[in-house]
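If you want the building blocks of each chain, they are given just below.
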Number of protein chains: 2
Amino acid sequence: MKNIGLVVAYRGDAFAGWQIQKNARTVEGELKRAAAEVTGEPVTIYGAGRTDAGVHARGQRANFKTASSIPAERFAYALNAHLPEACRVMSSFEVPLDFHSRYDAKGKCYTYRIYRGPIADPLTADFSWQVSYFLDVDRMRAAAGDAVGTHDFKSFQAAGSSAKTSVRRVDRIAITEDGPMLIVQYIGNGFLYNMVRILTGTLVAIGSGKLAPDAMAGIIAAKDRNAAGVTAPAKGLELTRVYYENNFIKM
Amino acid sequence: MKNIGLVVAYRGDAFAGWQIQKNARTVEGELKRAAAEVTGEPVTIYGAGRTDAGVHARGQRANFKTASSIPAERFAYALNAHLPEACRVMSSFEVPLDFHSRYDAKGKCYTYRIYRGPIADPLTADFSWQVSYFLDVDRMRAAAGDAVGTHDFKSFQAAGSSAKTSVRRVDRIAITEDGPMLIVQYIGNGFLYNMVRILTGTLVAIGSGKLAPDAMAGIIAAKDRNAAGVTAPAKGLELTRVYYENNFIKM
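As named in an unreviewed UniProt entry, chain A is tRNA pseudouridine synthase A, taken from Pseudoramibacter porci. Taken verbatim from the UniProt record of chain A, the Sequence similarities (unreviewed entry) comment is "Belongs to the tRNA pseudouridine synthase TruA family."

**Student:** Sorry if this is basic, but what is going on with the UniProt feature "active site" (unreviewed entry) in chain A here?
**Tutor:** All names here are of chain A. Mapped onto this numbering, the UniProt entry annotates "active site" (unreviewed entry) at Asp52. Among the structural elements, Asp52 can be located in the loop between β2 (46-47) and β3 (56-66). Asp52 gets classed as buried once you look at its relative accessible area, which sits at 17%. Excluding its chain neighbours within four sequence positions, the residues that come into contact with Asp52 are Gly17, Tyr193, Asn194 and Arg197.

**Student:** So what exactly am I meant to see when it comes to the UniProt feature "binding site: substrate" (unreviewed entry) in chain A here?
**Tutor:** All names here are of chain A. Per the UniProt record, "binding site: substrate" (unreviewed entry) is found at Tyr110. Here Tyr110 shows up in strand β5 (residues 107-116). What Tyr110 contacts, discounting residues up to four positions off in sequence, is Val184, Gln185, Tyr186, Phe191, Val196, Leu237, Glu238, Leu239 and Thr240.

**Student:** Before we go on, may I ask you to explain the relation of the copies chain A and chain B in this structure?
**Tutor:** Relating the two copies of this chain is a rotation about some axis coupled with a shift parallel to it. Least-squares fitting of chain A to chain B yields an RMSD of 0.0 Å, with the transformation described by 0.0 Å of translation along the axis and a rotation of 180 degrees. What the superposition gives is, in effect, a two-fold axis relating one chain to the other. Considering only C-alpha atoms, the residue of chain A closest to the rotation axis is Thr124 of chain A, which sits at 5.2 Å. Comparing interface residues between copies, 100% of those in chain A also sit at the interface in chain B, which points to an isologous, same-surface contact.

**Student:** Would you explain unusual backbone geometry in this entry?
**Tutor:** In most cases, non-glycine residues show a negative phi, while peptide bonds are predominantly trans. Backbone geometry at Asn23 of chain A places phi at a positive 65 degrees, although glycine is not the residue there. Summarising the element assignment, Asn23 of chain A is placed in the loop between β1 (2-10) and α1 (27-39).

Calculation rules
Residues numbered from 1 in each chain as written. Chains lettered and ligands numbered in written order. Predicted model: local features only at pLDDT ≥ 70, side-chain atom pairs only at ≥ 80, totals over all residues. Heavy atoms only, no water. UniProt positions renumbered as here; feature names shortened; annotations may be inferred. Helix = DSSP H or I, 4+ residues; strand = E, 2+ residues; numbered from the N terminus. Buried < 20%, exposed > 50% of the residue type's maximum accessible area, 1.4 Å probe, protein only. Contact = heavy atoms within 4.5 Å. Least-squares fit on C-alpha atoms with pLDDT ≥ 70 in both.

Below you can see the structure in the form of structure tokens.
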């Protein structure tokens, strides 16, 4: 028995999210089917996180156990031959038998892209949130700084979430500009359901003046979803990287 | 009568190229239909250049004449309401009655994107050429330098082209790296049919070692399409900008 680790990239708009569902094409479902076809075995896929429908991934991580004699590094190519083009296994490698993509994850990096302009650019529209009003980037950076740290992020959790605790550690929120694109990078030890999208909606509300420049601390203290901004659209979000010990891969 | 200038962006994969055709969706055809619907007049669209099927545009330029009283700046919004989402008029403005997007163009900037990696990234696959073999970027830069200048680019012209002369002036070929992406930017006074794609295929052949590092001068001198490299795929190419006198807009 071997445990095969995967780095997976996909277009969120091509799938009904990560988690397997009946009667809908999901990333987990496609990987499970592809791995079963390649190995001839029933396969369970363990993913690092469940991305929502529409959310893209550049560095999603997953693993599965198999008795197959296919060399670990060849699985990327073998699986891709059975996957839709909108999902690619970018690399595959052997991991210890007790490695689990989700339980062993130490942190994640998400990237949110905001396109600033009156008219959506068709070349980036599938990967960004178009905002036509003015955003004060310095205000957004200051508010982002107020969100960094270990907090109870209950205000930034979608209703109906089942997480045991809403305390999370956000290590970094970096906002950079690339022409009309505003790129917000989040790094933390974990994120609640919709947390990155609600944080982004809140930063945009502060940048536009809809919320006060110093509103972030009060929103966190409120522990109330209604205190925060809107949930930013899924298509602007990308799961960029999952961190593990030992150079990001537990070996 | 007013002359309306447009900056147009579109996804090349959504259209059968720029030029109007029967029984195929083209950018020119969609703009002509949209402008007729908005103005209630038959409209002729003058484009700066005919991009091929699959070639993207961020800064294509076009103009049309109309007796409509719609303010010039509003045409972008009015036309977009009648255009498919894959094509957006990014801005509209009045230009002199004798302005012609093609005849008055002084130069163009094209961008070609090469994704270097064994497996195509689904998030960039629609906008880049995936090359899985090693490319020596320094060799490509040296060869690009050999192509800059005023030359007869007959070797880089697709068969069946009707251009009167194949002499063109290339002002700049800049090659930059952004992670796995190699970005080649071309600026010149004009480009022959398929010239940017054949230049890119030739630079890749030199970068991979299929052609000698100093091959460029000989290929230009040969004036023979067979001397150059392959035509790089359309999907990696973008018409980035068209230059005019007076801050790029003839006023």
